[in-house]
Amino acid sequence: MNSFPQFNPKLPAVGISIFSRMSALAQRYGAINLSQGFPDFDCSPKLIGLVENYMRKGYNQYAPMPGVLSLRERIAEKIAHTYGLTVDPTEEITITAGGTQALFDAIAAVVNSGDEVIVFDPAYDAYAPTVQLFGGVVRHITLLAPDFAIDWQQVARCITEKTKLIIINSPGNPSSKLLTDVDFNKLSNLIQGTGIFVLSDEVYADIVYDGRRFSSVLQYPALRDRSFVIGSFGKLFHVTGWKAGYAVAPSWLTDAFRKVHQFNVFSVNTPVQHALADFLDDQSEYEQLPAFFQEKRDFLRAAVEGTGFRLLPCEGTYFQLVDYSALSEQEEGGFSERLTREFGLATIPVAAFYTDPISQRLLRLCFAKSMHTLEAAVEKLRKIDMFYG
């Protein structure tokens, strides 16, 4: 019996995330786990050596609240090298405990009770609950396969005097779609002269394919002046368990961001920050990412081609969406659980990234895996195709 009848928990409708649930199922049934988005291969031994070196040198106490300066300087240099832009490492960059914590701090910094926030579904599942924690109201705009294109006229109709923030994600998780100059210019025109902020989740910015050019919010002056840009070293260097990320924003927004950050985690793992700063000196460590992951993407796509799984475009990230409608009419959640239990392959139902009930018969496969894992997963996919075909 509840001994606290007046207790109203935050986020009462939120349960265990689909990522945790499917990974738990994978472990229970001994399935190959292509569900949760983490590599199953090691990061660079050099990077591990750098962390150990700084630990042994005694860099084991609190880092400065905004982050180790050398790491912020390397991030600024990376932005200059990649986009030809100048960012102030002291006033415009903050190191965070992963990309999700950066998202949390940015939303907390600008969203108040009653403010409206536009989110494009399918969306990373941390966006909406964080908005709700601070009393915000989420306005969902549904994007559909296969292209997940944004209807900017629909966005315009959703904007009201209460709209405070628009959250975008490029390359998109799970859609893998890249936003274009057309998208950014339309967004700029929509919010010009308003008090609307932009939160741009760019954690997969360095993982794009087929020679495509990634466009950052930072490259659009009308957006940069009112935007938070989120990055992740977990995605960059295959160390998702280190929970190291960063936020870039103009100084006045960074000031608001840090006011939240200092009472959230205050500072981030010190030896890891120093090691990342040294590791970033070698640009090849991140410039080779597109080719590294494209080899895995292309292997998976070539192996699935010709089966009952229809491949959707994959422009970036390390996720591949497949349409299984030619194999089964079962809704996504049940189908993905069945594949885990009966065929030993764990995936993510794309419906889990939507707020409104929807089943497009899509699954998300993570290909940030060793070739051995991918080869075994392909065998599972072929067995599923034969069983249903």
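Residues numbered from 1 in each chain as written. Predicted model: local features only at pLDDT ≥ 70, side-chain atom pairs only at ≥ 80, totals over all residues. Heavy atoms only, no water.

A. Quick peek at the environment of K369. Along the chain, K369 falls in the loop between β13 (362–366) and α15 (371–388). Here K369 falls in the buried class, since its relative accessible area comes to 2%. Among the polar contacts made by the side chain of K369, one reaches the main-chain carbonyl oxygen of N33 at a distance of 3.3 Å. (Helix = DSSP H or I, 4+ residues; strand = E, 2+ residues; numbered from the N terminus. Buried < 20%, exposed > 50% of the residue type's maximum accessible area, 1.4 Å probe, protein only. Polar contact = N/O pair within 3.5 Å; in protein donor to acceptor, adjacent residues only side chain to side chain.)

B. Broad picture of the packing of helix α14 (residues 332–343) against α15. Their axes nearest at 12 Å, the elements α14 and α15 cross at an angle of 110°. In terms of orientation, α14 lies roughly perpendicular with respect to α15. Only K380, K383, I384, F387 and Y388 of α15 make contact with α14, whose side of the interface consists of F335, R338, L339 and F343. Grouping the constituent residues of the contact of α14 with α15 by class yields six nonpolar, no polar and three charged. (Axes fitted to C-alpha atoms, helices over the stretch in contact; angles between N-to-C directions. Parallel < 35°, antiparallel > 145°, perpendicular 65-115°, else oblique. Contact = heavy atoms within 4.5 Å. Nonpolar A, V, L, I, M, F, W, Y, C, P; charged D, E, K, R; others polar.)

C. Representation of the sheet that holds strand β7 (residues 227–232) within the structure. Pairing within the open sheet is mixed, and its seven strands lie in the order β2-β8-β7-β6-β5-β3-β4. Strands at the two margins of the open sheet, each flanked by one partner only, are β2 (93–96) and β4 (137–142). Averaged over all adjacent pairs, the angle separating strand axes in this sheet is 20°, with direction ignored. Bridging between strand β3 (residues 116–121) and strand β5 (residues 163–169) involves four bridges; their strand directions are parallel. Considered in β5, the bridge of I118 is made with I166. Across the sheet, helix α3 (residues 69–83) touches β2 and β8 (245–248), and the angle it forms with β2 is around 120°. (Pairing = 2+ DSSP bridges.)

D. Focus on the sheet that holds strand β12 (residues 348–349). Taken in spatial order, the four strands make up an open sheet running β9-β10-β13-β12, and their pairing is antiparallel. Either end of the sheet is taken by a strand with one partner, and the two such strands are β9 (310–311) and β12. Summarising the sheet, strand β10 (residues 319–323) and β13 pair through five bridges and their orientation is antiparallel. Residue Q320 lies in a different strand from β13, and its bridge partner there is L365. Relative to β13, α14 is tilted by about 45°, and along the sheet it contacts β12 and β13.

E. Representation of the packing of aromatic side chains. Applying the stated rule across the entire model yields 24 aromatic pairs. Seen in terms of ring centroids, F184 and Y220 are 4.8 Å apart; in terms of plane orientation they differ by 25°. Their pairing is stacked. Here Y220 lies in the loop between β6 (197–201) and α8 (221–224) and F184 lies in helix α7 (residues 181–191), a separation of 36 residues in the sequence. Considered together, F184 and Y220 belong to a single accessibility category, that of buried residues. On the basis of an interplanar angle of 10° and a centroid distance of 6.4 Å, the ring pair of F233 and F237 is categorised as stacked. Of this pair, F233 and F237 both sit in helix α9 (residues 233–237), four residues apart, which is roughly one turn of the helix. For the residue pair F233 and F237, the accessibility class agrees, reading buried in each case. Taking the ring centre of Y54 as reference, the NZ or CZ of K57 above it sits at 5.8 Å. Positioned above the aromatic ring of Y286, the side-chain terminus of K78 is 4.7 Å from the ring centre. (Phe/Tyr/Trp six-rings, centres within 6.5 Å; stacked < 30°, edge-to-face > 60°. Lys NZ or Arg CZ within 6 Å of the ring centre and 35° of its normal.)

F. Inspection of the side chain of E315 at higher detail. Structurally, the position occupied by E315 is in the loop between β9 and β10. Within the buried set, E315 has no salt-bridge partner at all; the shortest N-O distance to an opposite charge, 4.2 Å, is to R212. Those residues within four positions of E315 in sequence are excluded, and the remaining contacts are S176, K177, L178, V208, Y209 and R212. (Lys, Arg positive; Asp, Glu negative; His and termini not counted. Salt bridge = Lys/Arg side-chain N within 4 Å of Asp/Glu carboxyl O.)

G. Here's a closer look at unusual backbone geometry. Between D121 and P122 the backbone carries a cis peptide bond, its omega angle lying at 10°. Among the secondary structure elements, P122 is positioned in the loop between β3 and α5 (127–133). Between N173 and the following residue, P174, the backbone shows a cis peptide bond with an omega angle of 20°. In this fold, P174 is placed in the loop between β5 and α7. Phi at T317 takes a positive value of approximately 70°, unusual for a residue other than glycine. As for its placement among the helices and strands, T317 is situated in the loop between β9 and β10.

H. Layout of the pattern of salt bridges. The final tally for this structure, using the stated rule, is 17 salt bridges. The partner of E52 in a salt bridge is R56, and the shortest N-O contact between them spans 3.0 Å. Residue E52 and its partner R56 are located together in helix α2 (residues 45–56), separated by four residues, close to a single helical turn. The exposure class assigned to R56 is exposed, which follows from its relative accessible area of 70%. The salt bridge partner of D181 is R213, with a shortest N-O separation of 3.2 Å. Of this pair, D181 sits in helix α7 while R213 is found in the loop between β6 and α8, placing the two residues 32 residues apart along the sequence.

Geometric descriptors of this kind do not, in isolation, establish any biological role.
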